[in-house]
Amino acid sequence: MASTTPTQIDTAPPVAKSGRSTGRAGDKIFAGLSKGSGILLLVIMASIAAFLTYRATIALSENEGNFLTTFDWNASANPPVFGIAVLLFGTVVSSIIAMAIAVPIAVGIALFISHYAPRRLAAPIAYVVDLLAAVPSIIYGIWGALFLVPQLNGLNLWLDEYLGWTYVFDKTQVGVARSLFTVGILLAIMILPIVTSVSREVFLQVPRMNEEAALALGATRWEVIRMSVLPFGRSGVISASMLGLGRALGETMAVATVLSPSFLISGHILNPGGGTFAQNIAAKFDEANEFGRDALIASGLVLFLLTLLVNGAARLIIARRKDFSGANA
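Residues numbered from 1 in each chain as written. Predicted model: local features only at pLDDT ≥ 70, side-chain atom pairs only at ≥ 80, totals over all residues. Heavy atoms only, no water.

Our focus in this paragraph is helix H5 (residues 180-204). Between the first and last C-alpha of H5 there are 35 Å, a value that for 25 residues agrees with the 36 Å anticipated at 1.5 Å per step. Largest kink in H5: about 40°, centred on Ile191, with the proline Pro193 one to four residues after it. Most of H5 is tucked away, with 19 of its 25 residues classed as buried. (Helix = DSSP H or I, 4+ residues; strand = E, 2+ residues; numbered from the N terminus. Expected span 1.5 Å × (residues − 1). Bend = angle between axes of the 7 residues up to and from the residue. Buried < 20%, exposed > 50% of the residue type's maximum accessible area, 1.4 Å probe, protein only.)

Here it is in C-alpha cells:
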C-alpha cells in the first residue's frame, strides 16, 4: 500500500505590495537627494570660481605691473600697480612653518591618546584638544599679539645666536617678534586640534588583530605602532594634515592681529614684516574703492586656486599610497 505524505500548507502572510513600493520610493528619494547634494556642491564651487574669475579679469586688465612678480600693492594709484609676490611668499612660508611644527606634535598626541594613555586620562585630554578647535580666531590673535609676541623675543635672540649661520634664522632687523615665524607658530597652535582629532580617530580604527599579531611575534609597543598603526593611518594623517593646511592658508584675523605687514620678501623669517593673502584682503578691503576690491578679489582667486592645488596634491599622494590605507588593511 502506497504511503502518502501530508501536504505542507504555507501559512506565511502575504507580502504587502504597498510596503515594497514604499521602500523603492524611499530609495529613489534618497538617491535623488544624494545626487542633488553633490550637484549643488559643484554648482556652488563653480559659481564661486566664476565670480572670482570675472572680478579678477577686470582688475588684471588695468594692472600696469606684473601680477605674479610685483612686490607693491597700489591698486588705488593711477595707473594701478599691484602684485602677489609678497603675499604668495608669506602665505606659503607661514603655512610651511605651521605644518612643520603642528603635524609631528599632533601625530604624537594622537598616538598617546589612542595607544598609550589610560582611558581615564585619554578622554579628558581628547576633550581639551577638541575644545581648542572651538576657540575663535580673533581670540587666538589677541592672545598672540599680547602674550606670544613678547614671549618669543627671547627665542628669536637664541635662534639668531646659535642658528643665525643658517641665514633663515639670521635676524638682521631690530624689532618685536611680529614676523612670519611668529605667525607660523600661532597657526600651528590653531591647526593642532584639527590634525590631532582626525589622526586620533584614524588610529583608533586600526584592527586589533594586527596589533595583537605583532605583539605575539615579540614586537615592542613602538614596533607595533611603526609596523601596524602608522601604515594603516598614513592616508588619514595626510588628509588631516591637508585639512590643517587649508585652515592655515586661509586664516585671516589671527594673522592680521599678529603680523606687522610690509611688502618685502626676505628669507630671514625672524625679521618683522611680510604679508599673506587673507591678511592683505582683510586689512585693505574696507578702504579700497571698487577697482581696489577687484584687485583684492584677484588675489583671493590665487588663494582659491592654491587651496585646490593643495587638496588635489593630497588626493594624488593618498591614491599612490592606497596600499597602506585602512581600506586595504
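With the rule as written, the count across this model stands at six aromatic pairs. Seen in terms of ring centroids, Trp73 and Phe82 are 5.2 Å apart; in terms of plane orientation they differ by 50°. Their pairing is tilted. Directly above the ring of Tyr116 sits Arg221, whose terminal nitrogen or CZ lies 5.5 Å from the centroid. (Phe/Tyr/Trp six-rings, centres within 6.5 Å; stacked < 30°, edge-to-face > 60°. Lys NZ or Arg CZ within 6 Å of the ring centre and 35° of its normal.)

Turning our attention to the layout of surface pockets. What the largest pocket holds in volume is close to 220 Å³. Every element with two or more residues in the lining of the largest pocket is listed here: helix H2 (85-116), H5, helix H6 (208-216) and helix H7 (221-250). By residue number, the principal contributor to the lining of the largest pocket is H6, which donates three residues. Among the residues making up the lining of the largest pocket, the classes are represented as six nonpolar, two polar and three charged. Its volume calculated, the second largest pocket comes out at about 160 Å³. Lining the second largest pocket are 16 residues, with Leu264, Ser266, Pro272, Gly273 and Gly274 sitting closest to its centre. If you tally residues by element for the lining of the second largest pocket, the top one is H2, at three residues. When grouped by side-chain class, the residues that make up the lining of the second largest pocket number seven nonpolar, nine polar and no charged. (1 Å grid on protein atoms, 1.4 Å probe; cavity = no way out; pocket = protein on both sides within 12 Å on 5 of 7 lines; lining within 4 Å. Points joined across faces, edges and corners; volume = space filled by probe spheres on them. Nonpolar A, V, L, I, M, F, W, Y, C, P; charged D, E, K, R; others polar.)

Geometrically, a packed helix pair is captured by the angle between its two axes and the distance between the axes. It is at 8 Å that the axes of helix H3 (residues 119-132) and H5 come closest, and there the two elements cross at 135°. What the angle tells us is that H3 and H5 run oblique. For the pair H3 and H5, the sense of crossing is left-handed. Mapping the contact onto sequence places Ala126, Val129, Asp130 and Leu132 in H3 and Pro193, Thr196, Ser197 and Arg200 in H5. Split by residue class, the contact of H3 with H5 holds four nonpolar, two polar and two charged. (Axes fitted to C-alpha atoms, helices over the stretch in contact; angles between N-to-C directions. Parallel < 35°, antiparallel > 145°, perpendicular 65-115°, else oblique. Left-handed = near helix turned anticlockwise from the far one by under 90°. Contact = heavy atoms within 4.5 Å.)

What follows covers the side chain of Ser299. Counting through the fold element by element, Ser299 comes out in helix H10 (residues 290-320). For Ser299, a relative accessible area of 0% translates into the label buried. Those residues within four positions of Ser299 in sequence are excluded, and the remaining contacts are Phe67, Trp73, Ile84, Phe277 and Ile281.

Another aspect to go through is the UniProt feature "transmembrane region" (unreviewed entry) in the protein. UniProt marks residues 38-60, 80-113, 125-149, 179-199, 248-270 and 295-318 with the feature "transmembrane region" (unreviewed entry), using the numbering shown here. Here residues 38-60 is 100% helix and 0% strand, with 33 Å between the C-alpha atoms at its ends. When the span residues 248-270 is considered, its composition is 39% helix and 0% strand, and the gap between its end C-alpha atoms is 19 Å. (UniProt positions renumbered as here; feature names shortened; annotations may be inferred.)

Formed by 63 residues in total, the largest nonpolar core has its most connected members in Trp73, Phe82, Phe181, Leu186, Leu187 and Phe203. The set of elements that each furnish at least two residues to this core consists of helix H1 (17-62), H2, helix H4 (137-163), H5, H7, helix H8 (253-258) and H10. A per-element tally of this core places H10 first, with twelve residues. In contact with Phe203, not counting residues within four places along its chain, are Val107, Ala110, Leu111, Ser114, His115, Val229, Leu230, Gly233 and Val237. (Core = buried A, V, L, I, M, F, W, Y, C linked by side-chain atoms within 4.5 Å.)

A cis geometry characterises the amide bond from Asn78 onward to Pro79, with omega recorded as 5°. Mapped onto the fold, Pro79 is located in the loop between strand S1 (73-74) and strand S2 (81-82). Look at Tyr167: it is not a glycine, yet its phi comes out positive at around 70°. For Tyr167, the location among the structural elements is in the loop between H4 and H5. Exposure remark for Tyr167: the relative accessible area of 48% places this residue in the partly exposed category.

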